[in-house]
Each structure stands twice: as C-alpha cells, then as structure tokens.
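Listed below are the residues making up each chain.
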Amino acid sequence: MRKTTRYPVEGANSLWHVYKTVPFWKVVKNFIVIQLARYMPFLGVKNWLYRTFLRVKVGEQTSFALMVMLDVMFPEKISVGRNTVIGYNTTILAHEYLIKEYRLGSVDIGSEVMIGANSTILPGITIGDGAIVSAGTLVHKDVPPGSFVGGNPMRVIYTKEELENRWADDLVYGTDNNVKV
C-alpha cells in the first residue's frame, strides 16, 4: 500500500481546487526550474537546481537523465540517494488529484538504484537501495532493496537473492567485481 495522506474536497474535482492546495507562484517557479533542468546537459548543475530551488534531496553522483519530470507541485517530497540513475523521460509524482480527494506522499529512492527510461513513480513509494526498475514501469508499490522489478502493473522479476545468484559469475556485477574487462 502506498503511503499517502488523503485530503477530501467538496464540489468540483480536486484539481479545480489546485491553488487552494499549493501557491500559484510556487508552481510557476517550480515549472521554470524543472523545464530548465529537463534540458540541462550538466548533471552537477541539474542537481544544484533541484537542491537549491526545489528542495529535492539529491545524493552525491546521482544522475537525472534528459527529460526527467519531477513533481511540479511538491518536489520537496522527493528524495534520491547517492549514485542513482534516473532514466530518460521518467516521471516522479508526489501528488495525485482525483475527483473527490487529492493525495500527497513522499517518494524515497535509495542509493545505487537504477530506474529505466519512461518509468512513472507514483506518490508514497519507497524504492530500496540497489533496486533496478525496468524501463517503462509503473511503480505503484514499494520496491524491495536489491530487487529487479518491471512491467505495468509492476511485479518483482528477481528478488535480491535471485539477482545475486544470476550475477554470481558476471564480470561487472558478480561477487568478484574488481575484475578488469
């Protein structure tokens, strides 16, 4: 189950009430920063923009690929560990506006995580350290550390232990990963 806080609304759908939930000028500033960062070719500058203007927690050596779309309303609810790769055109949401309610939830992405291109991460999700998310995945529930997940709906393809067994003799990911190729 995703960890979100629910806020009921009355009358029109919750998106109609958007500026009662988040200030207009905050959304404008966030939109401009996110659009600049989406096309920014310099990873260090992109991370600085996220940390400085959006208050996203970004670990050292984390890489956001081209066209990554962070939540424009609540980016401060996103945290990403160190040495993680967020693939091309991935969307990370910390909010969802529904008909009778809106929901907010933090997104916590661990360290050494690989998120494939065109994935969508919903609010209230935790992705554990060392996890791999296949390209095009809709992440609608927590991802266990070290596991390999994919699909829509997302499912665990390999557990951490199964992945370690598969990679035992691999030159890059295996137990003796100091071997030079």
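Refer to the structure presented above.
Parameters at a glance
- Residues numbered from 1 in each chain as written.
- Predicted model: local features only at pLDDT ≥ 70, side-chain atom pairs only at ≥ 80, totals over all residues.
- Heavy atoms only, no water.
- Helix = DSSP H or I, 4+ residues; strand = E, 2+ residues; numbered from the N terminus.
- Rg over C-alpha atoms; globule rule 2.2 N^0.38 Å.
- Buried < 20%, exposed > 50% of the residue type's maximum accessible area, 1.4 Å probe, protein only.
- Contact = heavy atoms within 4.5 Å.
- Areas by Shrake-Rupley, 256 points an atom, 1.4 Å probe, with all protein chains shown as cover.
- Lys, Arg positive; Asp, Glu negative; His and termini not counted.
- Charge placed at Lys NZ, Arg CZ, Asp CG, Glu CD.
- Pairing = 2+ DSSP bridges.
- Phe/Tyr/Trp six-rings, centres within 6.5 Å; stacked < 30°, edge-to-face > 60°.

> I'd love a proper account of the overall build of the protein chain, names of residues and values included.
The helix and strand tally for the protein chain stands at four helices and 17 strands. Computed over its C-alpha atoms, the radius of gyration of the protein chain comes to 18 Å, within 12% of the 16 Å expected for a compact globule of 181 residues. In the protein chain, which comprises 181 residues, the proportion classed as buried is 43%. A separation of at least 24 residues holds for 36% of the contacts in the protein chain among residues at least 6 apart in sequence. Working note: accessible area of the protein chain is about 10100 Å², and carbon and sulfur atoms make up 58% of it. Taking the average place of the 20 positive charges on the side chains of the protein chain and the average place of its 16 negative ones, the gap between the two points comes to 9 Å.

> Lay out the sheet that holds strand β11 (residues 114-115) in plain terms, naming residues and giving numbers.
Reading across from one edge, β3-β6-β11-β14-β16-β17 is the order of the six strands in this open sheet, with mixed pairing throughout. Every interior strand has two partners, whereas the edge strands, β3 (63-64) and β17 (155-158), have only one. Pairing of β11 with strand β14 (residues 132-133) involves two bridges; the strand directions are parallel. What sits directly across from Met114, in β14, is Ile132.

> Residue-level account of the packing of aromatic side chains, with values.
Taken as a whole and judged by the stated rule, the model has eight aromatic pairs. Taken together, a centroid distance of 5.4 Å and an interplanar angle of 90° make the contact between Trp48 and Phe53 edge-to-face. Ring centres 4.4 Å apart and planes at 25° place the aromatic pair Trp167 and Tyr173 in the stacked group. Relative accessible area serves as the criterion here: at 25%, Trp167 is assigned to the partly exposed category. Site record: aromatic cluster; members linked through ring pairs are Tyr7, Tyr97 and Tyr102.

This is a description of form; function is not addressed.
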